[in-house]
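# Remarks on the overall topology
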Amino acid sequence: MTRSNRFKGLWCGLAAIGFAYAGIAHAESVTNVTVTGVGNQGTQLYATLATTPPGCRGAVIYHSSEIQAGQYVMSILLSARLANRPLTRIDYSVHGDGTCWIVLVEV
């Protein structure tokens, strides 16, 4: 395989990944949200919220524990829950099936 063909293959692969995630390319944001519960289901961390963020299916929002950022997010969510303090901001992406995934959390 020539260098040019490898480059074309890499480019096609990256383009395919970009198109696969095109539906979640931007983040939504809500403010002053109360966390009512936190938990995990395998490697999926989740938080239940007092209100359902726009576009989300249910008042549940997810994050992965497989990356270090997910573990930090969980500690923020736990702190907010235990202190009974609302999150000042939560950014999330909405997937095609209506599940929402945390992008950013601020207390």
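Look up a bit, the structure's there.
Let me begin by describing the structure that accompanies this report. (Residues numbered from 1 in each chain as written. Predicted model: local features only at pLDDT ≥ 70, side-chain atom pairs only at ≥ 80, totals over all residues. Heavy atoms only, no water.)

### Looking at unusual backbone geometry
Even without glycine at this site, N32 takes up a positive phi of about 55°. Structurally, N32 can be placed in the loop between strand 1 (28–30) and strand 2 (35–41). Although it is not a glycine, N84 sits at a positive phi angle of roughly 50°. Assignment of secondary structure puts N84 in the loop between helix 2 (68–82) and strand 5 (89–94). Judged by its relative accessible area of 59%, N84 falls in the exposed class. (Helix = DSSP H or I, 4+ residues; strand = E, 2+ residues; numbered from the N terminus. Buried < 20%, exposed > 50% of the residue type's maximum accessible area, 1.4 Å probe, protein only.)

### Focus: the side chain of S64
Turning to its location among the elements, S64 is positioned in strand 4 (residues 60–64). Among the polar contacts made by the side chain of S64, one reaches the main-chain amide nitrogen of E66 at a distance of 3.1 Å. If near-sequence neighbours (up to four positions away) are discounted, S64 is found in contact with T43, L45, G70 and W101. (Polar contact = N/O pair within 3.5 Å; in protein donor to acceptor, adjacent residues only side chain to side chain. Contact = heavy atoms within 4.5 Å.)

### Overview of the environment of C100
Examined against the element boundaries, C100 turns out to sit in strand 6 (residues 100–106). Relative accessible area serves as the criterion here: at 1%, C100 is assigned to the buried category. The residues touching C100, leaving out its near neighbours within four places in the chain, are G55, C56, V60, I61, Y62, Y92, S93 and V94.

### A short note on the pattern of salt bridges
Within this structure, the stated rule accounts for 2 salt bridges. The shortest N-O distance in the salt bridge between D91 and R89 comes to 2.6 Å. Under the relative-accessibility criterion, D91 is labelled buried at 8%. For the salt bridge of R89 with E106, the shortest nitrogen-to-oxygen distance reads 3.7 Å. Here E106 lies in strand 6 and R89 lies in strand 5, a separation of 17 residues in the sequence. Note on R89: relative accessible area 30%, which makes it partly exposed. (Salt bridge = Lys/Arg side-chain N within 4 Å of Asp/Glu carboxyl O.)

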